[in-house]
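Structural overview
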Amino acid sequence: MQKTVISGVLLLDKPADISSHTALFRAKHLFKSDSQDSKKAGHTGTLDPMATGLLPLCFGEATKFAQYGLDANKGYTATIRLGEQTDTGDMQGVVIATAAVPAIDQTMLDELSLAMIGEQWQIPPMYSALKKDGKKLYEYAREGIQLQREPRRIVIHQLQLRRIDERTLALSVLCSKGSYVRVLAEDIAGRLGTLGHLIGLRRTQTGGFMLAEAVDFAALEAMDMPKRLLQLLPVDVLVAHLPILTVDADESQRLKIGQRLNVAKRAAALFTEQAEPSCMVRLYADGAFVGLGELAITGRLQPKKMLA
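Residues numbered from 1 in each chain as written. Predicted model: local features only at pLDDT ≥ 70, side-chain atom pairs only at ≥ 80, totals over all residues. Heavy atoms only, no water.

Below, the discussion takes up the packing of helix α3 (residues 106-116) against helix α5 (residues 181-191). The interhelical angle for the contact between α3 and α5, taken along N-to-C directions, is 130 degrees, at an axis separation of 11 Å. When the axes of α3 and α5 are compared, the pair comes out oblique. Once α3 is placed against α5, the crossing between them reads as right-handed. For the pair α3 and α5, the contacting residues are Leu112, Ala115 and Met116 in the first and Leu184, Asp187, Ile188 and Arg191 in the second. Here the residues of the contact of α3 with α5 sort into 5 nonpolar, no polar and 2 charged. (Axes fitted to C-alpha atoms, helices over the stretch in contact; angles between N-to-C directions. Helix = DSSP H or I, 4+ residues; strand = E, 2+ residues; numbered from the N terminus. Parallel < 35°, antiparallel > 145°, perpendicular 65-115°, else oblique. Left-handed = near helix turned anticlockwise from the far one by under 90°. Contact = heavy atoms within 4.5 Å. Nonpolar A, V, L, I, M, F, W, Y, C, P; charged D, E, K, R; others polar.)

Before going further, it helps to spend a moment on the UniProt feature "active site" (unreviewed entry) in the protein. According to UniProt, the "active site" (unreviewed entry) feature falls on Asp48. Among the secondary structure elements, Asp48 is positioned in the loop between β4 (41-43) and β5 (52-59). Its relative accessible area of 22% is what places Asp48 among the partly exposed residues. (UniProt positions renumbered as here; feature names shortened; annotations may be inferred. Buried < 20%, exposed > 50% of the residue type's maximum accessible area, 1.4 Å probe, protein only.)

A word on the environment of Phe289. By the secondary structure assignment, Phe289 is in strand β20 (residues 288-296). For Phe289, a relative accessible area of 11% gives the class buried. It is 9.2 Å that separates the C-alpha atoms of Phe289 and Pro234, two residues lying 55 residues apart in sequence. With residues near it in sequence (within four places) discarded, Phe289 still touches Phe65, Val235, Asp236, Val239, Arg282, Leu283, Tyr284 and Leu307.

Time to look at the layout of surface pockets. What the largest pocket holds in volume is close to 1000 Å³. Surrounding the largest pocket, 34 residues form its lining, Thr46, Leu47, Asp48, Ala129 and Tyr180 being those nearest its centre. At the level of elements, α1 (20-30), β6 (74-82), α4 (137-142), α5 and β14 (196-206) are the ones that each hand at least two residues to the lining of the largest pocket. By residue class, the composition of the lining of the largest pocket is 12 nonpolar, 12 polar and 10 charged. In this structure, the lining of the largest pocket is formed jointly by two domains, domain 1 (4-71 + 209-235) and domain 2 (74-206), each of which donates at least three residues. (1 Å grid on protein atoms, 1.4 Å probe; cavity = no way out; pocket = protein on both sides within 12 Å on 5 of 7 lines; lining within 4 Å. Points joined across faces, edges and corners; volume = space filled by probe spheres on them. Domains from an automatic or database assignment.)

Our focus in this paragraph is the nonpolar core. One recurring pattern in soluble globular proteins is that nonpolar side chains are buried together. Leu171 and Ile188 are the most contacted members of the largest nonpolar core, which totals 44 residues. For this core, the element with the most residues is α5, which contributes 5 residues. Those residues in contact with Leu171 that sit more than four places away from it in its chain are Tyr76, Thr77, Ala78, Ile80, Leu159, Gln160, Leu161, Val181, Leu184 and Ile188. If you look at the next biggest cluster of nonpolar residues, it comprises 18 residues, including Leu211, Ala214, Leu242 and Tyr284. (Core = buried A, V, L, I, M, F, W, Y, C linked by side-chain atoms within 4.5 Å.)

Set out below in C-alpha cells:
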C-alpha cells in the first residue's frame, strides 16, 4: 500500500534540554503510521538545547519553503545573569571569569536598549552549529580549539531590558536571522561594565508565527492521530507575506513542467512605479496553492518552487 506523504507546518513549543534535531525526530515519529509517511521534514531555525519556545517544523511539500522561515526575523525573551562569563555564553557552560556588577537602574537600561537598536556586527560564538571545513564549531570548542570567525551583519529591530534584581536582567528582543542572543547578552553586560551569560532563553516569534499559536510537545504526544493532523497548518502559511497571482488549471500544469508564461495583464496590478523589476508571487489555481513564481514587471512568469 502506498503511503500518504504528510505535508504542512507544525508550530511546536520545544521543551528544554532536547535539541531541535531531537524535537524534529520525535515529531516525525508522532506523525508516522502504516498509512502515512513523515520522513521528509525539517525545521526553520535551530534552538539551543537549553532554549524553549517556538520551533516551526515543515513536513512534506512544506520543506520546499522552509527557507522563508530560516530568513525570517526571530523574537526572544531571555534572562541574563550578570557578573559571570561562561565558555558557552549560557548556563550550560563553565564559569571562566567573574566581575563586579555596578549599580544599574531602569534609566540606564532604557538608554542602552535604545542605543542597541539597528544594524550591528556580531562574531558567532565557538559553541555554535556553524561549520568550518565540514566540522561544527562546537566540536572544535570541545577540543579546546579557538578559530577565527568572521563578523556577521545582524539587525536589532526591537530591544527592551528590565532589571529583575541586582544581578539579573530580563531581555526581550526582535532580531534578524543569524543573531545569537548569547552573544547579545554578553555585549549588553559589557556595555554595563561587567560580564554576563544567559540563564534562560525562549523563542516567542518566527516571522509572522507567534508562540501563542504553538502546540506543547507533551500535548502533541497525548493526542490521537486525527487530532495531531489538525495541528498541521497549510503549506502556504510560510509564504503568506508574498502577493498572490491566480492562474488557471492549464497554466498551472505548464508551470509545473517548467514553462514560462506571459501574464502581463494580471501583473500590472502587482507593480507600482517604484517597484523592483521582479518579485516572488504565490500561485493559486482554483483556490488551491500550487507554488511560487518569479514575476517580472514585463509580465513574464517563471516557475520557482512548484508543488508536486
